[in-house]
Amino acid sequence: MNDPDSGLKPPVSGARDAGDAGRPKRSRRRKGKQKGATGPSAVSLSAGQAAGSSGSAERPKASEGGDTARRNKRRRRGKGAGGENVRPLAPVGQREASREDPRQAEGRRNRRKHRGKKAGARTVPVAAEATVLHPAAEQALEARSTPHAPETQSAPRPAEREGHDAPLYAALDLGTNNCRLLIAQPTRPGQFRVVDAFSRIVRLGEGLAASGRLSDEAMDRSVEALKVCAAKLKNRSIRRARLIATEACRAAVNGEAFLERVRQETGLDLEIINRETEARLAVSGCSSLVGREAKSVVLFDIGGGSSEIAVIRIGDNRSSRLANHITHWTSLPVGVVTLSERHGGRDVTPESFAGMVSEVETMLAGFDCPGDVVRAAPEDFHLIGTSGTVTTLAGVHLDLPRYDRRRVDGVWLSDDEVTAMQARLLSWDFSARAANPCIGPDRADLVLAGCAILEAIRKRWPSRRMRVADRGLREGLLTDMMADDGVWRRGRHRRNQRGGPRNPAKPEGQAS
C-alpha cells in the first residue's frame, strides 16, 4: 500500500504473514525499537548503537516532494542526507542498551585514580644528588635506580616503601673543594634511599699550598654552606650522623681553630679523619660497582687537596665489605686544587700538563706496591675512579646537554676513550671548558689538573677499562653506619617474624 507522503511503506519488522496486517499500526519510533529488522540502515551505526542492537529497521527514502518538516525531523535524529558530519542519535531503547555497565565504569574510575597516585608518588631529585636507591650490598652489585638520579624516578616498589618508616642517617663531607651532605634511610637489605642532599663548591683549600693556612674568605664560604647543612639536619629526626673533614683541615695549621668556629656558629661537630680512613670510606662507597668477575681493582679518589688510592685483591671468599680486601693503599698529598695552583689551571699547555703528570708520577714512585698485586687476566682487572675529574670526563664523552648522574654513575670507559677525552679537554681553552655544561666555570680551571693525576695513575696501572663512580665518602659513611647498626639484618628478621612477604604469590620486592 502506498503512502502519498513517503512512498512505499517498509515491511514491519518481524511480520510473518498477511494476518499481521490486522495489528494496530506502530509509529516510526516504535518500529525503530523493534528487533530482528533486516536491511541496511541509511547511516552507519555508531559504536554505542552497534553494541545496543543486532539490527535496525530499514528507513524509507524521502520522495522528491516529501514533507520538509519530516526531513528536518529525521535530520535532527541524525539521519540527515548529504553526508553531513553529524553523529547519529540512537533511539531511546538503543541508548539505554548501550550504556556502560556500572561495574565497568567504577573499575575505570579506580584505574584512573590509581594512575594519579602513581604519578604523584614519583620522587623529585634534589639538585645533582637526586633521590637514589643506592645498592651497597654485594648481592646487588649491578642494581641501580637512580642517584642521583634525575631526574624523574618511578614510584618505589613495596620493599622500598617499607624503608619510608626507617630511621634517618646523615653523612657530611667537608673537603678541600666541596661541602656535601646526604640524609638517607635504609630500605631493602644493603640499600638506602636518599631523602635530602646538598652540595656546594666552597674551595676551602684555596691558597693553602702557598700559605699553609685556611684563608678568611674560604672559611667564610664554608661556614655559610655548613649553616645550610645544619638547618637541614635540624629539621629532621636523625638517628645517627657522622660529619667529617678531610685534607684541607688536616694540612692547615688553623684547621682545628676553624672547626671550633664551625661548632660555635653552626652547632656542627666535625671530625678530621686520617688518610687511611678516607681511603677505606671511598672503597665502601663504591663497593657495588666492583663486579663479581673482578679479581683485582685499583680504586682512586682524586680530591681537592689529596688523592687516595687503594689496591684491592678479591679471592674466592668475598667479604660483604669490600674494604676488607684492601691490600695496599696510599694518599698522595696532591689534588686538583693544589696541583692547579702550582702549575696553573686556567691556561694549560701540553708542556705544563706533562709537568703535572711528572710530579704525580714521582709521588707514586714512592708507593710500595708489588707489581704482581694486580697481575691478572685483562678481564679480571680494572680501574674505578670516584671524583669530579672522572665524572666530568664521562659527561663530556657522553655529550650530555647537562650533567646527569644517572647516565654517568657506573658507566664504563675504555682506555682509548679516556685518552681521547683528555686530549679533547687539553685542546680547549678556559672559556671552552667553562662553557661545557658538564664542566662549568667552577671546575674549568681544575679539570686538567685532575686529568694529569688520572694520567699518572693509568701509567702506573695500565688497564683496558675504567668504571666511573659518582659516589664516594658520604655513601661509604652511610653504608658503614647502617651496617654497624644492623638495620638491614633486623629488617629481614622482622619480615621473617611476619611470616614472609605480604603477597605469597609474588617474590619479595615485586609490585603487588
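This section reports on the structure supplied with the text.

Criteria and cut-off values
Residues numbered from 1 in each chain as written. Predicted model: local features only at pLDDT ≥ 70, side-chain atom pairs only at ≥ 80, totals over all residues. Heavy atoms only, no water. Buried < 20%, exposed > 50% of the residue type's maximum accessible area, 1.4 Å probe, protein only. Helix = DSSP H or I, 4+ residues; strand = E, 2+ residues; numbered from the N terminus. Contact = heavy atoms within 4.5 Å. Pairing = 2+ DSSP bridges. Axes fitted to C-alpha atoms, helices over the stretch in contact; angles between N-to-C directions. Salt bridge = Lys/Arg side-chain N within 4 Å of Asp/Glu carboxyl O. Phe/Tyr/Trp six-rings, centres within 6.5 Å; stacked < 30°, edge-to-face > 60°. Lys NZ or Arg CZ within 6 Å of the ring centre and 35° of its normal.

**Points about helix α12 (residues 336-343)**
Thought 1: Listed in full, the buried residues belonging to α12 are V336, V337, T338, L339 and S340.
Thought 2: Those residues of α12 hidden inside the fold are in contact with α7 (208-211), β9 (296-302), α13 (350-365), α14 (388-397) and α18 (447-460).
Thought 3: At the exit of α12 stands G344, carrying a positive phi of roughly 90°.

**A short note on the pairing of strand β4 (residues 168-174)**
Thought 1: The element β4 is largely enclosed, with a buried count of 7 among its 7 residues.
Thought 2: Taking every second residue as pointing to the same face, both faces of β4 are buried, with L168, A170, L172 and L174 on one and Y169, A171 and D173 on the other.
Thought 3: Linking β4 to strand β5 (residues 178-186), which pair antiparallel, is a turn of 3 residues.

**Remarks on the sheet that holds strand β10 (residues 307-313)**
Thought 1: An order of β11-β10-β9-β12-β14-β13 is seen for the 6 strands of this open sheet, with the pairing classed as mixed. Of all strands in the sheet, those bounded by a partner on one side alone are β11 (326-332) and β13 (412-414). For this sheet the average axis-to-axis angle between neighbouring strands, irrespective of direction, equals 20°.
Thought 2: Taken together, the 3 bridges between strand β12 (residues 381-385) and strand β14 (residues 465-468) define a ladder with parallel strand orientation. Residue pairing in the sheet places L383 in a bridge with M466 of β14.
Thought 3: Helix α11 (residues 275-286) contacts β9, β10, β11 and β12 of the sheet and is inclined by roughly 120° relative to β11.
Thought 4: Across the sheet, α14 lies against β9, β12, β13 and β14, angled at about 100° from β14, the strand it touches most.

**A few points about the pattern of salt bridges**
Thought 1: Going through the model one piece at a time under the given rule, you end up with 22 salt bridges.
Thought 2: Residue R203 pairs with D445 through a salt bridge whose shortest N-O separation is 2.9 Å. Pair noted here: R203 is in the loop between β6 (191-201) and α7 and D445 is in the loop between α17 (430-435) and α18, with a separation of 242 residues, a long-range link.
Thought 3: Notably, a salt bridge pairs D409 with R405, separated by 3.7 Å at the nearest N-O pair. An identical accessibility class is assigned to D409 and R405; each is buried.
Thought 4: Among the charged side chains, a network of salt bridges with common partners joins E247, R250, R275 and E278.

**Here's the deal with the packing of aromatic side chains**
Thought 1: Overall, the coordinates contain 1 aromatic pair when judged by the stated rule.
Thought 2: Their ring planes at 65° and their centres at 6.1 Å tell us that F367 and W461 sit as a pair that is edge-to-face. With F367 in the loop between α13 and β12 and W461 in the loop between α18 and β14, the pair connects residues that are 94 residues apart, well separated along the chain.
Thought 3: Above the face of the F430 ring, R346 is positioned so that its terminal group lies 3.8 Å from the ring centre.
Thought 4: We note R465 situated over the ring of W412; from NZ or CZ to the ring centre the distance is 4.2 Å.

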